[in-house]
Amino acid sequence: MTTTATAPPSSAERPDAPAGPPSQRTPKRIAFGHRLSRWDLKLSPYLYISPFFILFLVVGLFPIAYTAVISFMDWDLVRNSGTFIGFDQYVYVLTQPKFWIALRNTFSIFLLSSIPQLILAIFIAAMLDQNIRAKTFWRMGVLLPYVMAPVAVALIFSNMFGDKYGLVNTTLADLGISPVMWHSDAFASHIAIATMVNFRWTGYNTLILLAAMQAIPRDYYEAAAIDGASKFRQFTAITVPSLRPTLIFVIITSTIGGLQIFDEPRMYDQYGTGGADSQWLTITLYLYDIGWGQWNFGRAAALAWILFLIILAIGIINLLVTRRVVRDEGARSSLGRREQRAAARAARRDLRRAASSGTLADAPEPESAPESATDTPEAQR
Amino acid sequence: MKLSRRTRAIAAVAGAASIAIIAAGCSPAADSGSEDGTVELTVATFNDFGYTDELLQEYMDENPNVTVVQNKAATSNDARANYFQKLGKKGLADVEAIEVDWLPEVMQYSDLLAEVPSGTADRWLDWKVDAATDADGRLIGYGTDIGPEGVCYRSDLFAAAGLPTDRESVAALLEGDWAKYFEVGAQYTATTGTAWFDSAGGTYQGMINQVEAAYEDPDSGDLIATDNAEVEDIYNQVLDASAAQSAHLGQWSDDWFAGLSNGAYATMLCPGWMLGVISGNAEGVTGWDVANVFPNGGGNWGGSYLTVPANGANVEEAQKLADWLTAPEQQIKAFVNAGTFPSQNDAYSDEALTGFVNEYFNNAPVGQIFTDRAKAVSVAPFKGEFYFQVNDAMQKALTRVEDGTQDKQASWDQWVSEVDAIG
């Protein structure tokens, strides 16, 4: 029944009220004012959201499409012209060892930053969720690194991770540990860059998770406390499961951010091209170098599209995982949408079969009429 | 309902207006020329060209109908990105500064730039003019500064190693080719156990800038880098020396800046503009000095030009300004302001230049020293379309060996495969 209201207005004659068969209405002239108000009802929501979509069309969709066009060309930025060369740019990018190294680095830095960051964020949020003094002070303090400009963070950390005279290595040397070659060892450079990312984003994620924690009904904890559950048990049995939907949001945003990581690796050394042996070359850094270093925008556009497809693929994986996890959390029905639709279809089939066999010929009108109304678009498909 | 409709209309107007505002923000500023003969000229530079407000005011006093506004980009890279995004379209300044590093790229679009009026070309050094002249013989850049190279050294570290310390004796000591430079270096490292020069990359840059056609064939523009024996020889020579003599501190890295003051290396190849980098980042260090010598003759590193985009609003006025700014008298003032060493012939006999002394470098007569170094430059290396990429890959190859990530041969092989992928 609910689908009737949201179904596309396929026919103009259809009355706007879903209830009741149309034949029972007496046709009457609709005044212009009425018509206006109906348009108002139908169109104004679209009008209200249109600024975003128009802007998105101009600054989002158009560049994406334009990038796709350029990616099939040998493009000259200055003269604004190019020659069509098909998939050559894609082939070139995919056959470059640098591309695969960049892909490896991107995922490595992404994992090294996201996982510790989330664990740390949950932990800090749980601490801040306790009854502590000067709550606002601590909460704002956690967010402080997020306020810093990424480039400033990168500058400070790059200095600390200097190979010879950096703070980290001199400290290690004082402790009698051999210094780490932050700029020549690939894994060490990933850790250094992930540290910058974690420094900046942990606080942000902490606050989001803290907000979610505060939405958990306190009764759960009281009940658990009465049952004799320890703080840790309460955390694992109540807090963490309740955080799931928020965690998924945090994971998705940090995935998108992680795959597009740019500022930190770019500022990690003085050249900003990802290291002599591409140790910390990420996809976006590679893209930037091809585009703005070599002025090869056709190739850069091809790489941009490859990155887009990668993010899309990972986004879909994320979505599938999300659906599985969220279903029994906040969904309106215990059944999935697909199952709901299947059940409705089965019910209608039964009904039709019954109607054609004549057993239900004298069935009461109101029950079958709305069903068939929703049925027609289904059957036409 | 009526109220709702009105608010809707307001919302629609507001939405449209916000889009209009954004669109207006993107469009370039309105034309600056006007009917009453007054002209506003913009000059876009980067780093520090030495064009102070006082210097620009002089021009405005001489030409009351002109106002000059300078836009400074922070780095040459920022300027480069801006330049190519707007070249041939709208939005560039009336006079745009470019650096020799990306001059080869600019030369591909020389038709989009106004030609320097004939008759002024003999103002500059020949090789400075040649580099900015395209295949059709059009000169498109007004030369500003050049980077003739000497050798900067730490006299205190030289003394500790038992080497001569005054700049005449050091010049005599290092007189010769690169083998001589590395030979003294071997001697220095053997005595002190510390590094002779900062990095293989910086030293390589000094060496490769003496090769006339290093990476590309000047006639055909084809890549010849990987088959060029000269390049391979330099690669081997510098890396053989660097194993013991280099501090392995890549130029412009944080460690390299730290090394300027903590004595990590005793010498460094030094274009004129490097003096400001050293004195600015190693304050309080008294040992730095500069010797009037460069291995294997002269060498040039860096330098800039002014260009006038052909589709600007005030091309003629812009040309006059560029001409004035790059006249010897003004360039000498710029040199005094920012250390940008003149590329103009007449400047070299000017007392204001030759008598210039740098206090930080133990009162070295840097004006005279770099005038001599500029005259010693005999080779103008050819830099074509791919110069930047090939050289960048080479710098990385050298760094890989210095880092210990790869050995000499493996790194060379990787460089060869990278160069093969270019183009």
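In this text the structure is predicted, and so the values were computed from the model without any measurement.

A look at the interface of chain B and chain A
One frequent convention defines the size of an interface as the accessible area lost when the parts assemble.
Thinking step 1. At the junction of the two partners, chain B supplies 31 residues and chain A supplies 27 residues.
Thinking step 2. Put simply, the parts of the chain that give the side of chain B that touches chain A at least two residues each are helix 1 (2-26), helix 3 (76-86), helix 11 (254-262) and helix 17 (387-403) of chain B.
Thinking step 3. Here the side of chain B that touches chain A is composed, by residue class, of 12 nonpolar, 11 polar and 8 charged.

Let's talk about the confidence of the model for chain B
Residues and elements named next belong to chain B.
Thinking step 1. A residue-level look at chain B finds 91% of positions with pLDDT of 70 or above and a mean pLDDT of 88.
Thinking step 2. Confidence scores differ between elements of chain B, with helix 1 showing the lowest mean pLDDT of 42 and strand 5 (residues 195-197) the highest of 96.
Thinking step 3. Note that residues 1-33 has pLDDT below 50 and, in this model, 23 contacts with residues that lie over four places away or in other chains.

Comments concerning unusual backbone geometry
One can expect most non-glycine residues to show negative phi and most peptide bonds to be in trans.
All names here are of chain B.
Thinking step 1. Phi at Asn 47 takes a positive value of approximately 45°, unusual for a residue other than glycine.
Thinking step 2. Although it is not a glycine, Trp 252 adopts a positive phi angle of roughly 75°.
Thinking step 3. Position of Trp 252 among the secondary structure elements: in the loop between helix 10 (229-245) and helix 11.

Quick notes on the nonpolar core
Thinking step 1. Ranked by internal contacts, the top residues of the largest apolar core, which has 112 residues, are B:Val95, B:Val151 and B:Val290.
Thinking step 2. Broken down by element, the residue count for this core peaks at 8 residues, all from helix 17 of chain B.
Thinking step 3. Counting residues domain by domain, this core receives three or more from each of domain 1 (39-146 + 302-354) and domain 2 (148-300 + 384-421) of chain B.
Thinking step 4. If we skip the residues at most four places from it in the chain, B:Val290 touches B:Gly150, B:Cys152, B:Arg167, B:Cys270, B:Leu275, B:Phe361, B:Ala364, B:Val366 and B:Ile369.
Thinking step 5. Ranked by size, the runner-up nonpolar core spans 40 residues in total, among them A:Ile109, A:Leu112, A:Ala300 and A:Ala302.

Concerning the pairing of strand 4 (residues 142-154) of chain B
Residue and element names in this part refer to chain B.
Thinking step 1. The buried count for strand 4 comes to 13 of 13 residues, which makes it a mostly enclosed element.
Thinking step 2. Where strand 4 meets strand 8 (residues 300-307), 4 bridges bridge the pair, whose relative direction is antiparallel. The residue bridging Pro 148 from the neighbouring strand is Asn 300, located in strand 8.
Thinking step 3. Bridge count for strand 4 against strand 6 (residues 265-271) is 5 bridges, and the pairing is antiparallel. Each residue of the ladder has a partner; that of Tyr 153, found in strand 6, is Thr 267.
Thinking step 4. By the bridge criterion, 4 bridges tie strand 4 to strand 7 (residues 288-291) in an arrangement that is antiparallel. When the sheet's bridge partners are listed, Tyr 153 is paired in strand 7 with Asp 289.

Cut-off values and rules
- Residues numbered from 1 in each chain as written.
- Chains lettered and ligands numbered in written order.
- Predicted model: local features only at pLDDT ≥ 70, side-chain atom pairs only at ≥ 80, totals over all residues.
- Contact = placed C-beta atoms within 7 Å.
- Helix = DSSP H or I, 4+ residues; strand = E, 2+ residues; numbered from the N terminus.
- Nonpolar A, V, L, I, M, F, W, Y, C, P; charged D, E, K, R; others polar.
- pLDDT = per-residue confidence, 0-100.
- Core = buried A, V, L, I, M, F, W, Y, C linked by C-beta atoms within 7 Å.
- Buried ≥ 20, exposed ≤ 12 C-beta atoms within 10 Å, placed from the backbone.
- Domains from an automatic or database assignment.
- Pairing = 2+ DSSP bridges.

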